[in-house]
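# A closer look at the structure
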Amino acid sequence: GKGGGEVVTEERAHAVLKGHTGSVECLAWSPSEKGVLVTASTDKSMRFWEVGEGGGRCVMVVEEAHSTDVNCLSWNAKESHLLVSGGDDGSIKVWDLRSFKSKASLDAKKKQRGG
């Protein structure tokens, strides 16, 4: 092309992660767990993924993380068990991942913190 850059197709992707039923709005790599990332979607869920040499797989789903689209999320770089998400419902939720069980579909659990 005129830009001079290489054209890369999906076949070149290291892993293609499928599971969300809506648009993926945001994603973040874990600051402490190699190959772990979390994604936020318009399907109201957050999904946790493990990516390795053999591709990737969803290891945990938080259904109804927000009452509407989950727009953004961020992992706490200093306390990697804490994750924050923001949604179209106007709320910001702080999640303590120590309360989660792996490989399970979870009811939304939020840890409210005083401010």
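What counts as what
- Residues numbered from 1 in each chain as written.
- Predicted model: local features only at pLDDT ≥ 70, side-chain atom pairs only at ≥ 80, totals over all residues.
- Heavy atoms only, no water.
- Buried < 20%, exposed > 50% of the residue type's maximum accessible area, 1.4 Å probe, protein only.
- Helix = DSSP H or I, 4+ residues; strand = E, 2+ residues; numbered from the N terminus.
- Pairing = 2+ DSSP bridges.
- Contact = heavy atoms within 4.5 Å.
- Polar contact = N/O pair within 3.5 Å; in protein donor to acceptor, adjacent residues only side chain to side chain.
- pLDDT = per-residue confidence, 0-100.
- Phe/Tyr/Trp six-rings, centres within 6.5 Å; stacked < 30°, edge-to-face > 60°.
- Salt bridge = Lys/Arg side-chain N within 4 Å of Asp/Glu carboxyl O.

### Looking at the pairing of strand β6 (residues 82-87)
When you tally the buried positions in β6, you get five out of six residues, the bulk of the element. Of the pairings in the sheet, the one linking strand β5 (residues 70-75) to β6 comprises five bridges and is antiparallel in character. If you follow cysteine 72 over to β6, its bridge partner there is glycine 86. With five bridges connecting them, β6 and strand β7 (residues 92-96) associate as antiparallel partners. What sits directly across from leucine 83, in β7, is tryptophan 95. Counting the residues that bridge the hairpin from β6 to β7 gives four residues, and of these glycine 90 lies at a positive phi of roughly 85 degrees.

### A word on the environment of threonine 39
Counting through the fold element by element, threonine 39 comes out in strand β2 (residues 36-41). In the structure, threonine 39 is positioned 35 residues away from serine 74 in sequence and 9.8 Å away in space, judged by C-alpha atoms. The contacts of threonine 39, once residues within four sequence positions are left out, are His20, Val24, Cys26, Leu27, Ser45, Met46, Arg47, Trp49 and Leu73. Side chain to side chain, threonine 39 and tryptophan 49 meet in a polar contact 2.8 Å long.

### Things to note about the confidence of the model for the protein chain
Taken over all residues, the pLDDT of the protein chain has a mean of 85, while the share at 70 or more is 83%. Predicted confidence is poor over residues 103-115, with pLDDT under 50, and the contacts of this stretch with residues over four places away or in other chains come to 30 contacts.

### Considerations on the packing of aromatic side chains
Going through the model one piece at a time under the given rule, you end up with three aromatic pairs. Seen from their ring centres, phenylalanine 48 and phenylalanine 100 are 6.4 Å apart, and the 85 degrees between their planes marks the pair as edge-to-face. Of the two residues, phenylalanine 48 is situated in strand β3 (residues 46-52) and phenylalanine 100 in the loop between β7 and β8 (105-106); the sequence distance between them amounts to 52 residues. Assigned by exposure class, phenylalanine 48 and phenylalanine 100 land together as buried. Taking the centre distance of 6.2 Å and the plane angle of 70 degrees together, the rings of tryptophan 95 and phenylalanine 100 count as edge-to-face.

### Considerations on the pattern of salt bridges
Any two side chains of opposite charge can pair, on the condition that their charged atoms come close. Per the counting criterion, the structure on display carries two salt bridges. Among the salt bridges present, the one from glutamate 50 reaches arginine 57, with a minimum N-O distance of 3.1 Å. Judged by its relative accessible area of 40%, arginine 57 is partly exposed. Here aspartate 96 makes a salt bridge to arginine 98, at a shortest N to O gap of 2.8 Å.

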